[in-house]
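Close look at the chain arrangement
The residues making up each chain are set out below.
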Amino acid sequence: MSRLLTDEEITRQLAALPGWRRDGGALVASFDAPDFPAAVQLIVDAGDEAEQMGHHPDVDLRWKLTRWRLSTHSAGGLTQLDIELAHRISLAAVLLGAQAVELT
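**Looking at the layout of surface pockets**
- Estimated volume of the largest pocket: approximately 170 Å³.
- Lining the largest pocket are 12 residues, and of these R21, V28, A29, S30 and L103 sit closest to its centre.
- Where the lining of the largest pocket is concerned, the elements lending two or more residues are β2 (26–32) and β4 (65–70).
- Each residue belonging to the lining of the largest pocket can be placed in one class, and the counts come to 5 nonpolar, 3 polar and 4 charged.

Written as structure tokens, this is what we have:
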């Protein structure tokens, strides 16, 4: 099992993840894709990455907006797996022209 990250580790690593923020024991982000097919493709591409890692996100799709929530449930919070998956999701989003958006 992966170890939980410290608050300092999380804060430091979030600096390299634009659009991601901490929400309690999870990382969250939203990406606005150019259109619905691109949003679906983002989920497929990120899903492929998640499957390779054996680490699966919670994701919500609303038209062309995807919302992501990452947490290592077995560890009870955030681990390096969540940071790595956030990087992979962000890269997939950039390649598809999706923009990180801040939602309230």
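**Things to note about the packing of aromatic side chains**
- Tallying each qualifying case throughout the model produces 1 aromatic pair.
- One cation-aromatic arrangement involves K64 over W63; the distance from NZ or CZ to the ring centre is 5.3 Å.

**What to know about the pattern of salt bridges**
- Taken as a whole and assessed by the stated rule, the structure comprises 8 salt bridges.
- One salt bridge in this structure joins D23 and R69, with 2.9 Å as the shortest N-O distance. Taken together, the residues span a long stretch of sequence, with D23 in strand β1 (residues 21–23) and R69 in strand β4 at a distance of 46 residues.
- When its relative accessible area of 33% is taken as the criterion, D23 is described as partly exposed.
- The exposure class of R69 is partly exposed, given its relative accessible area of 35%.
- Residue K64 pairs with D32 through a salt bridge whose shortest N-O separation is 3.2 Å. Of this pair, K64 sits in the loop between β3 (58–62) and β4 while D32 sits in strand β2, and the two are 32 residues apart along the sequence.
- Residues joined by salt bridges that share partners form a network here, namely E49, E84 and R88.

**Quick word on the environment of P37**
- Along the chain, P37 falls in helix α2 (residues 36–53).
- Along the backbone, P37 and W63 are 26 residues apart, and their C-alpha atoms lie at a distance of 9.1 Å.

Thresholds, definitions, all that
- Residues numbered from 1 in each chain as written.
- Predicted model: local features only at pLDDT ≥ 70, side-chain atom pairs only at ≥ 80, totals over all residues.
- Heavy atoms only, no water.
- 1 Å grid on protein atoms, 1.4 Å probe; cavity = no way out; pocket = protein on both sides within 12 Å on 5 of 7 lines; lining within 4 Å.
- Points joined across faces, edges and corners; volume = space filled by probe spheres on them.
- Helix = DSSP H or I, 4+ residues; strand = E, 2+ residues; numbered from the N terminus.
- Nonpolar A, V, L, I, M, F, W, Y, C, P; charged D, E, K, R; others polar.
- Phe/Tyr/Trp six-rings, centres within 6.5 Å; stacked < 30°, edge-to-face > 60°.
- Lys NZ or Arg CZ within 6 Å of the ring centre and 35° of its normal.
- Salt bridge = Lys/Arg side-chain N within 4 Å of Asp/Glu carboxyl O.
- Buried < 20%, exposed > 50% of the residue type's maximum accessible area, 1.4 Å probe, protein only.

As far as function goes, none of this settles anything; it's purely spatial.
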